Amino acid sequence: MSWRLPLAFGWGGTGLYAAGQHVPLTRYRIAPDALVAEVCRRAGGSLPRADRVPYRKVC
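On a predicted model such as this, the values are computed, not experimentally measured, just so you know.

Engineer: Account for the sheet that holds strand 2 (residues 15–20), with residues named and values stated.
Structural biologist: One open sheet holds the 3 strands; their spatial order is 1-2-3, and the pairing between them is antiparallel. Unpaired on one side and paired on the other, strand 1 (7–9) and strand 3 (23–29) mark the two borders of the sheet. Shown here is a sheet whose adjacent strand axes are inclined to one another by a mean of 15 degrees, direction ignored. Across 3 bridges, strand 1 lies against strand 2 in antiparallel orientation. The partner of L7 across the bridge, within strand 2, is A18.

Next up, the structure:
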């Protein structure tokens, strides 16, 4: 069975749109600041200092 998922980038490159036979049209925000905010929201905040790479605090 072959699956196809239509994908399209939104104007300005800040969104990715996806849809499928059993998936409603969905917009995913792909701008770097939006991705960081979503990851931090899902994680409940930044990692403790001991658990993160010593580059920078993101959240």
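Now that the structure has been shown, the text picks up again.
Engineer: Would you mind going over the pattern of salt bridges in detail, with residue names and values included?
Structural biologist: Using the criterion set out here, one finds 2 salt bridges in the structure. A salt bridge links R41 to E38; the nearest nitrogen and oxygen atoms lie 2.7 Å apart. Of the two residues, R41 and E38 are both situated in helix 1 (residues 32–43); the distance of 3 residues between them amounts to about one turn of the helix. The class for R41 is exposed, based on a relative accessible area of 57%.

Engineer: How would you sum up the environment of R27? Please name residues and give values.
Structural biologist: Looking at the secondary structure, you find R27 in strand 3. Sequence spacing of R27 and Y17 is 10 residues, and the spatial spacing of their C-alpha atoms is 4.5 Å. Ignoring sequence-local partners within four residues, the contact set of R27 consists of T14, G15, L16 and Y17. A distance of 3.2 Å separates a polar atom in the side chain of R27 from a polar atom in the side chain of Y17.

Engineer: Summarise the pairing of strand 2; cite the residues concerned and give the values.
Structural biologist: Linkage of strand 1 to strand 2, two consecutive antiparallel strands, is achieved through a turn of 5 residues, within which G12 is found at a positive phi near 90 degrees. Between the end of strand 2 and the start of strand 3, which pair antiparallel, lie 2 residues.

Engineer: Account for the environment of Q21, naming residues and giving values.
Structural biologist: Looking at the secondary structure, you find Q21 in the loop between strand 2 and strand 3. For the pair formed by Q21 and R4, sequence separation is 17 residues and the distance between their alpha carbons is 8.6 Å.

Engineer: Describe helix 1, and please don't skip the residues or the numbers.
Structural biologist: For helix 1, spanning 12 residues, the distance from its first C-alpha to its last is 16 Å, which sits close to the expected 16 Å at 1.5 Å a residue. Downstream of helix 1 by a residue or two, G44 has a phi angle that is positive, lying close to 80 degrees.

Cut-offs applied
- Residues numbered from 1 in each chain as written.
- Predicted model: local features only at pLDDT ≥ 70, side-chain atom pairs only at ≥ 80, totals over all residues.
- Heavy atoms only, no water.
- Pairing = 2+ DSSP bridges.
- Helix = DSSP H or I, 4+ residues; strand = E, 2+ residues; numbered from the N terminus.
- Axes fitted to C-alpha atoms, helices over the stretch in contact; angles between N-to-C directions.
- Salt bridge = Lys/Arg side-chain N within 4 Å of Asp/Glu carboxyl O.
- Buried < 20%, exposed > 50% of the residue type's maximum accessible area, 1.4 Å probe, protein only.
- Contact = heavy atoms within 4.5 Å.
- Polar contact = N/O pair within 3.5 Å; in protein donor to acceptor, adjacent residues only side chain to side chain.
- Expected span 1.5 Å × (residues − 1).

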